[in-house]
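Breakdown of the fold
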Amino acid sequence: MATVKNELNVYESAAARFELAAQKLSLEPGLYKYLQHPNKEITVYIPVGMDDGRLEVFIGYRVHHSIVRGPCKGGIRFDPGVTLDEVRALAAWMTWKCAVVDIPFGGAKGGVICDPAKLSRGELERITRRYTAELIDWFGPERDVPAPDIGTNEQTMAWVMDTYSMHMRHTTTAVVTGKPFDIGGSRGRKQATGRGCMMVCDKALEHLKMKKEGCRVIVQGFGNVGSWAARLMHEAGYKVVGVADIHGALYNENGLDATKLMDWVHVQRKPLPEFPQGGTKMSSTDVLFQPCDILLPAATENQITSKNAHLVQAKILCEAANGPTTALADDILEKNGVFVIPDILANAGGVTVSYFEWVQDRMGFFWRENEVNERLQDVMDRSFNYVVRYAGEHSVQNRIAAYMLAIDRVATALKMRGIYA
Ligand code: NAD
């Protein structure tokens, strides 16, 4: 049972899972102390000239949790709710995620407190460039490689890459991943997190001896991760019965055409709840508790808590978002027999293809999309099998198994390197 004072503090949630896994592993006290904390963190104050002539100052963070297994890797989030504790938790999760899928990166994360919906393209570009300039000594292909997250996208990554390259006096594509293909991005990166979620859902169905055809899925969040997960799953024969974004949700037990919905929301730029072939409108929280076989939260943290976990009707919870479930909800889900695919495994498709992008940039040789997807499939299948087998062997929840596996890999690398003091 996890112990936390404030259930909704994601850093506490991350720490509680780390503690449980470390205890099960009998991790040495020194290593425990070292891995519990971030390696370093910075706050930057970003002056930006706004379109109306005002000077505004935005607050940004970057946290390096670990560089033990390689350069640190993690997204940049633009959101009004960003806090240093949130960025710390997300950075630690990146360390464990990279270790679960066994790619040679440590963990980092960044964030800027701002609301992209209320900023012009020019303002967003200036925030991104100044944030990058402030972190010029932190970033680098061998140091820290950012990627998109909530509120940032391919364009943001292009600006980061360009700003970094201008300072270095040469184009450095490998400083960032999730870039547009024409400037060193990888084929398949945009879809990778959603595709990886589908791959682990396929594995879970196989494991639980359930059928894919007609398997009902609810997806909360219809941004990069959620919309691709919903669309790919719809096209693969799953039945997407519920979808939600910040504007509200739709539920239709006969299924929704997620391909058309993606066009409606992302090409036509219309509100999700107004989708003409939709269903019953409801709040984006209520949709989580409707009948389904797979629940895929792909929006933000703390959606499933000790107050509502008992309402989850899904047999499988595939955590596409980072931290959608609080530590106090874990035992309730377990008691109710929900098969949890934890975030550090479920959404690792994104960082895996980011790793492929970094490799391709450094080689200057780009792979075909089916090559990227085949390699991704291999990583996701292997990692799923490993976590589920480990959970069985150690009689722990999948989440704790994933943490144990990850902590053990990082601790082993740390012991080999030794402590430089
Ligand atoms: P995004 O900004 O592209 O999309 C976020 C979506 O969530 C939007 O549709 C938004 O409307 C919706 N949303 C926000 N708050 C909501 C709420 N309260 N209820 C319902 N919907 C809400 O972000 P993204 O890149 O898709 O990231 C989503 C999640 O996946 C985050 O937790 C992120 O950390 C995680 N993640 C992203 C990647 C990636 O490759 N982008 C990789 C791994 C994990």
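As a convention, each chain's residues are numbered from 1 in the sequence order in which they are written. The predicted origin of the model limits local features to residues at a pLDDT of at least 70 and limits the giving and counting of side-chain atom pairs to 80 or more, whereas totals for whole chains, interfaces and linings rest on all residues. Calculated side-chain values reflect all of the structure's heavy atoms, with hydrogen atoms and water omitted.

**What to know about the domain arrangement of the protein**
According to the domain assignment, the protein consists of domain 1 (39–172) and domain 2 (190–346). Taking the mean C-alpha position of each, domain 1 and domain 2 sit 27 Å from one another. Domain 1 puts 11 residues into the contact, and the matching count from domain 2 is 9 residues. Buried area adds together the accessible area that both of two parts lose upon being put together, with accessible area traced by a 1.4 Å probe. For the pair domain 1 and domain 2, the summed buried area comes to about 790 Å², and 57% of that belongs to carbon and sulfur atoms. For domain 1, the biggest contributors to the area lost against domain 2 are Trp93, Lys97 and Val100; these three give 51% of the whole. Whenever a carboxyl oxygen of Asp or Glu lies within 4 Å of a side-chain nitrogen of Lys or Arg, that contact is scored as a salt bridge. Applying the counting criterion to the domain 1 and domain 2 interface returns 1 salt bridge. The partner of Glu301 in a salt bridge is Arg77, and the shortest N-O contact between them spans 2.7 Å. Helical segments are the DSSP runs of H or I of at least four residues, strand segments are the runs of E of at least two, and each set is numbered from the N terminus. Per element, the largest residue contribution to the side of domain 1 that touches domain 2 is 6 residues, and it comes from helix H3 (residues 84–100). Residue polarity follows a fixed list, in which Ala, Val, Leu, Ile, Met, Phe, Trp, Tyr, Cys and Pro are nonpolar, Asp, Glu, Lys and Arg are charged, and the others, Gly among them, are polar. Taken together, the residues that form the side of domain 1 that touches domain 2 break down as 5 nonpolar, no polar and 6 charged. The domain limits used here are those given by an automatic or database domain assignment. Contacts are assigned to residue pairs with any non-hydrogen atoms lying within 4.5 Å of each other.

**What to know about the sheet that holds strand S9 (residues 280–282)**
Two strands qualify as a pair provided that DSSP identifies no fewer than 2 bridges between them. The mixed open sheet is built from 7 strands, whose spatial order is S9-S8-S7-S6-S10-S11-S12. The strands lining the two open edges of the sheet, one partner per strand, are S9 and strand S12 (339–341). Across the sheet, the mean angle separating the axes of adjacent strands is 15° when strand polarity is ignored. Looking at chain direction, strand S7 (residues 239–245) and strand S8 (residues 248–251) are connected through 4 bridges and run antiparallel. The residue of S8 that forms the bridge with Asp245 is Gly248. Orientation is described by lines fitted to C-alpha atoms, with helices fitted over the stretch in contact, and by angles between N-to-C directions that extend from 0 to 180 degrees.

**Considerations on the sheet that holds strand S4 (residues 106–113)**
Whether parallel or antiparallel, the strands of a sheet pair through hydrogen bonds between backbone atoms. Spatially, S1-S2-S4-S3-S5 is the arrangement adopted by the 5 strands of the open sheet, whose pairing is mixed. Two strands lie at the open edges of the sheet, namely strand S1 (40–49) and strand S5 (144–148), each paired on one side alone. Across the sheet, the mean angle from the axis of one strand to that of its neighbour is 25°, orientation sign disregarded.

**Re the packing of aromatic side chains**
The geometry of an aromatic ring pair is captured by the separation of the ring centres together with the interplanar angle, meaning the angle of the planes. Side-chain rings of Phe, Tyr and Trp (the six-membered ring for Trp) are treated as a pair once their centres are within 6.5 Å; stacked means planes under 30 degrees apart, edge-to-face means over 60, and tilted covers the remaining angles. In total, this model carries 11 aromatic pairs according to the counting rule given. Plain terms: the ring middles of Tyr355 and Phe356 are 6.0 Å apart, the flat faces sit at 45° to each other, and that makes the pair tilted. The classification of residues rests on relative accessible area computed with a 1.4 Å probe and restricted to protein chains. Under 20% of the type maximum is buried, over 50% is exposed, and intermediate values are partly exposed. Overall, the relative accessible area of 5% leaves Phe356 in the buried class. The rings of Phe105, Tyr355, Phe356, Trp358 and Trp367 are connected pair by pair, giving a single aromatic cluster. A ring has a charge above it when a Lys NZ or an Arg CZ is no more than 6 Å from the ring centre and no more than 35 degrees off the ring normal. Lying over the aromatic face of Trp138, Lys40 brings its terminal NZ or CZ to 4.9 Å of the ring centre. It is Arg362 that lies over the ring of Trp358; its NZ or CZ is 4.0 Å from the centre.

**Observations concerning helix H11 (residues 349–363)**
Here the expected length of a helix is defined as 1.5 Å per residue gap, with one fewer gap than residues. With 15 residues, H11 ought to run about 21 Å at 1.5 Å a step, and its terminal C-alpha atoms sit 21 Å apart, in line with that. Every buried residue of H11 is listed here: Gly349, Gly350, Val351, Thr352, Val353, Ser354, Phe356, Glu357, Trp358, Gln360 and Asp361. Taken together, the buried residues of H11 touch strand S3 (72–79), H3, S5, helix H6 (189–208) and helix H12 (369–394). Looking one or two residues beyond H11, the residue adopting positive phi is Gly364, at roughly 65°.

**Section: the nonpolar core**
If you look at the biggest cluster of nonpolar residues, it comprises 92 residues, and the most contacted ones within it are Trp96, Ile294 and Leu296. In terms of residue count, the dominant contributor to this core is helix H13 (residues 398–417) (12 residues). Each of domain 1 (39–172) and domain 2 (190–346) contributes no fewer than three residues to this core. The residues touching Leu296, leaving out its near neighbours within four places in the chain, are Cys197, Cys201, Ile218, Val219, Gln220, Ala229, Met233, Cys318 and Ala320. Definition used in this section: a nonpolar core is a set of buried Ala, Val, Leu, Ile, Met, Phe, Trp, Tyr and Cys residues joined via side-chain atoms within 4.5 Å. Counting residues in each nonpolar core, the second largest holds 24 residues, with Val48, Phe58, Trp159 and Tyr164 among its members.

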